[in-house]
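# Descriptive analysis of the structure
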Amino acid sequence: YGMYAGGLGKAWTRESGALHVYDFNVSANFNDRLYLGFSIGAYDMHYKKAYDYGETYLGEEEGQFYELQSGNQLYGMGVNFKFGTIWRPVEESPFRLGLAIHTPTFYELTYRTGAALESRVWSRELGEYQDASIRTWDRLGGKNMERRFQLQSPWLFNVSAGTTIGGKFAIDAEYQLQDFSTVRFRDI
């Protein structure tokens with residue numbers, strides 16, 4: 001609880017969640033000059049947030065209050081593919097060139113939310129307190145609000161060149177491009 005200009009207030013928020021990534025890889029080596037790799041990434045996402053906010057009025061308005069509670073969840077799965085190659089153009093040299101392409105991660109997600117508002121307000125017109133209770137759960141026939149959608153992250157491209165010096169030092173130059181014009185958000 002904390003003080004504010006008109007009375008007492010309370011607030012708390014709880015969040016938890018994770019994004020689990022599982023990569024399945026295959027690679028090949030051709031005469032220590034050409035290396036190829038392929039990966040499938042599987043994503044498992046879950047996130048929860050709950051909060052409660054309320055105020056109680058003091059002074060002339062004593063006895064009036066409101067409290068808002070809300071719970072939110074985001075969960076779903078995604079998949080992406082990664083391709084890469086490293087090429088050593090000169091057999092005796094440690095110099096190498098690299099190329100990698102990552103497809104977008106294609107997510108299918110569900111957002112679920114619900115809220116409740118309780119209040120007591122003094123009505124000058126009626127000369128009495130008016131109580132209100134609104135719950136999305138009740139308004140939706142015992143269900144939470146739910147929205148399913150698809151999200152596509154950007155493509156990623158990477159080129160690199162590198163070498164080792166004296167078998168002790170490595171030097172590398174890399175350029176990476178993410179094409180954010182390929183991001184997509186679709187309602188299911």
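First, a word on what this report is: a plain description of the structure on this page.

## Some remarks on the overall build of the protein chain
Tallying secondary structure elements over the protein chain gives one helix and eleven strands in all. Going residue by residue from the N terminus, the α and β elements of the protein chain occur as β-β-β-β-β-β-β-α-β-β-β-β. The C-alpha radius of gyration computed for the protein chain amounts to 28 Å, which surpasses the reference 16 Å derived for 188 residues by more than 25%, pointing to a less compact arrangement than a globule. Viewed in the frame of its principal axes, the protein chain has a C-alpha envelope of about 95 × 40 × 25 Å. A burial count over the protein chain gives 22% of its 188 residues as buried. At a minimum sequence separation of 6, the contacts of the protein chain that also span at least 24 residues come to 64%. Total accessible area computed for the protein chain in this model is approximately 13,100 Å², and 58% of it derives from carbon and sulfur atoms. Here the protein chain contributes 19 positive and 23 negative side-chain charges, whose respective centroids are spaced 6 Å apart.

## A few points about the pairing of strand E9 (residues 155–165)
Sheet topology note: the strand E5 (residues 96–102)/E9 ladder contains seven bridges and is antiparallel. Bridge pairing links Ile-101 to Phe-157 in E9. Here eleven bridges tie E9 to strand E10 (residues 169–179), and the two strands are oriented antiparallel to one another. From the neighbouring strand, Trp-155 faces E10, where its bridge partner is Asp-179. Counting the residues that bridge the hairpin from E9 to E10 gives three residues, and of these Gly-166 lies at a positive phi of roughly 65°.

## Digging into the pairing of strand E6 (residues 106–123)
The pairing of strand E4 (residues 65–87) with E6 spans 15 bridges and is antiparallel. Of the residues in E6, the one forming a bridge with Tyr-75 is Thr-110. By the bridge criterion, eight bridges tie E6 to strand E8 (residues 145–152) in an arrangement that is antiparallel. By the bridge assignment for E8, Thr-113 is matched with Met-145.

Reading guide: rules and limits
Residues numbered from 1 in each chain as written. Predicted model: local features only at pLDDT ≥ 70, side-chain atom pairs only at ≥ 80, totals over all residues. Heavy atoms only, no water. Helix = DSSP H or I, 4+ residues; strand = E, 2+ residues; numbered from the N terminus. Rg over C-alpha atoms; globule rule 2.2 N^0.38 Å. Buried < 20%, exposed > 50% of the residue type's maximum accessible area, 1.4 Å probe, protein only. Contact = heavy atoms within 4.5 Å. Areas by Shrake-Rupley, 256 points an atom, 1.4 Å probe, with all protein chains shown as cover. Lys, Arg positive; Asp, Glu negative; His and termini not counted. Charge placed at Lys NZ, Arg CZ, Asp CG, Glu CD. Pairing = 2+ DSSP bridges.

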